[in-house]
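Listed below, chain by chain, are the residues.
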Amino acid sequence: MAAHPSDDDRVFRFRVSPESRCFDGHFAGLPILPGVGHLAMVASACARRSRRDLALTAARDLRFQRPLGPGDEVEVVLDDGAEPCSVRFEVRCRGEVASRGLLLFEPPTDVGRP
Amino acid sequence: MSAVPELWRDLLASMPLRGPALLLTGIVRSEPGWVEATARVPLGHPLVVAGAAPCFLGLELGAQAAAAMEALSRSREASDREPGVGYLVRVREASFLARHLPVDTTLRVTARLEGAALPLAIHRITVGTAEVDLVCARIATHRGSS
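None of these values were measured; they are calculated from a predicted model.

Draft legend 1. Representation of the overall build of chain B within the structure. Of the regular secondary structure elements, chain B holds two helices and eight strands. The linear arrangement of helices and strands in chain B, starting from the amino end, is α-β-β-β-α-β-β-β-β-β. Here chain B has a C-alpha radius of gyration of 14 Å; the compact-globule value for 146 residues is 15 Å, and the two agree. The dimensions of chain B, computed from C-alpha atoms along their principal axes, are 45 × 30 × 25 Å. Taking all 146 residues of chain B together, the buried fraction comes to 48%.

Put into structure tokens, the structure is as follows:
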């Protein structure tokens, strides 16, 4: 999955490479990016936005609504969640939401330190 | 944690995944509505970066165990129902108890059917080593229209 810059720091663009090995056998004759492939793009976008290495601790209400296939151009849109260190995301493709949900990350180690 | 070869051999043909996408490596135990499987994330998996597999890859392992349970259930019932794909469509909640899954290591994966209204099914899944759980989640899968 190749990432491309965007002017909006909430929006990250990716292209799902047709050569991605994520499609090998998933599924035979019907190449669909696995749901964890969506999450890989979201995790990459979160790390770039926060400019730190993030440790995912939980996920809530993830919905995979539209399959992504080889060559799809994708936007990952991030917003802060209501809880500390949480991020709401949408993965969009051709104006439709492909997946969305909430991810929770471990707080940075310096939180609470003087 | 040793797999039962004959269960696995029978199951392989009806699993919707092929080749490197199939991370399950065997079935340890199975009963109606529950399965325990083994799995392995190879170092060459496309989501492994710098030798580490992201914890959320456990969701895929759980979905594969759920698909295996569905296939075993069909076989047990001698059902003529067409095999479903078992797309992962929802993760209600997931806890990631470790940052990474170990690669090239035998993992234990369980799936328990919590409810179904076809084509949807809800499963409680766990992924871990022989000693400790690494991922726990509640997922929903869709049989698809195969």
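The rest of the description comes next.
Draft legend 2. Looking closely at the pairing of strand 4 (residues 73–80) of chain A. Residue and element names in this part refer to chain A. One ladder, built from five bridges, connects strand 2 (residues 11–15) with strand 4; its direction is antiparallel. Residue pairing in the sheet places valine 11 in a bridge with valine 77 of strand 4. Taken together, the six bridges between strand 4 and strand 5 (residues 86–93) define a ladder with antiparallel strand orientation. Within strand 5, the residue paired with leucine 78 across the bridge is phenylalanine 89. Linking two consecutive strands that pair antiparallel, namely strand 4 and strand 5, is a turn of five residues; a positive phi of about 60° is found at cysteine 85 within it.

Draft legend 3. Structural detail: the layout of surface pockets. As a volume, the largest pocket reaches approximately 580 Å³. What lines the largest pocket is a set of 20 residues, among which Ala43 of chain A together with Val49, Pro54, Phe56 and His100 of chain B lie closest to the centre. For the lining of the largest pocket, the elements supplying multiple residues, two or more each, are helix 1 (35–50) and strand 6 (96–105) of chain A. In terms of residues, the lining of the largest pocket owes the most to one element, helix 1 of chain A, which gives four residues. Each residue belonging to the lining of the largest pocket can be placed in one class, and the counts come to 15 nonpolar, two polar and three charged.

Draft legend 4. Focus on empty space enclosed by the protein. Under the defined criterion, the tally for this structure stands at one cavity of 30 Å³ or more. Its volume calculated, the largest cavity comes out at about 110 Å³. Put simply, the parts of the chain that give the lining of the largest cavity at least two residues each are helix 1 of chain A together with helix 2 (57–76) of chain B. Here the element with the most residues in the lining of the largest cavity is helix 2 of chain B; it accounts for three residues.

Draft legend 5. Spotlight on the interface of chain B and chain A. Each side of the interface is counted separately: chain B has 26 residues, and chain A has 28 residues. For the pair chain B and chain A, the two sides together bury roughly 2200 Å², of which 64% comes from carbon and sulfur. Inspection of the chain B/chain A interface yields two salt bridges. Of the charged contacts, one joins aspartate 53 of chain A and arginine 99 of chain B as a salt bridge, the two residues approaching to 2.9 Å between their closest N and O atoms. Counting only elements with at least two residues in the side of chain B that touches chain A, the list comes to helix 2 and strand 4 (87–96) of chain B.

Draft legend 6. Expanded view of the pattern of salt bridges. Counted under the stated rule, the structure contains 20 salt bridges over all chains. Here glutamate 90 of chain A makes a salt bridge to arginine 92 of chain A, at a shortest N to O gap of 2.8 Å.

Draft legend 7. The environment of valine 11 of chain A, seen in detail. Residues and elements named next belong to chain A. In this structure, valine 11 sits in strand 2. According to the relative accessible area criterion, valine 11 is buried, its value standing at 9%. When residues no more than four places from it in sequence are discounted, the contact partners of valine 11 are Ser6, Glu75, Val76 and Val77.

Draft legend 8. Structural detail: the nonpolar core. Core analysis: the biggest nonpolar cluster contains 75 residues, and Leu62, Val76 and Leu78 of chain A together with Phe56, Leu59, Phe96 and Leu101 of chain B have the highest contact counts within it. Looking at which element gives the most residues to this core, the answer is helix 2 of chain B, with 11 residues. When near neighbours in sequence (up to four residues on either side) are disregarded, leucine 101 of chain B contacts Ala53, Pro54, Cys55, Leu57, Gly58, Leu61, Leu107, Val127, Leu134 and Val135 of chain B.

Conventions we followed
Residues numbered from 1 in each chain as written. Chains lettered and ligands numbered in written order. Predicted model: local features only at pLDDT ≥ 70, side-chain atom pairs only at ≥ 80, totals over all residues. Heavy atoms only, no water. Helix = DSSP H or I, 4+ residues; strand = E, 2+ residues; numbered from the N terminus. Rg over C-alpha atoms; globule rule 2.2 N^0.38 Å. Buried < 20%, exposed > 50% of the residue type's maximum accessible area, 1.4 Å probe, protein only. Pairing = 2+ DSSP bridges. 1 Å grid on protein atoms, 1.4 Å probe; cavity = no way out; pocket = protein on both sides within 12 Å on 5 of 7 lines; lining within 4 Å. Points joined across faces, edges and corners; volume = space filled by probe spheres on them. Nonpolar A, V, L, I, M, F, W, Y, C, P; charged D, E, K, R; others polar. Contact = heavy atoms within 4.5 Å. Buried area = accessible area lost by both parts, 1.4 Å probe. Salt bridge = Lys/Arg side-chain N within 4 Å of Asp/Glu carboxyl O. Core = buried A, V, L, I, M, F, W, Y, C linked by side-chain atoms within 4.5 Å.

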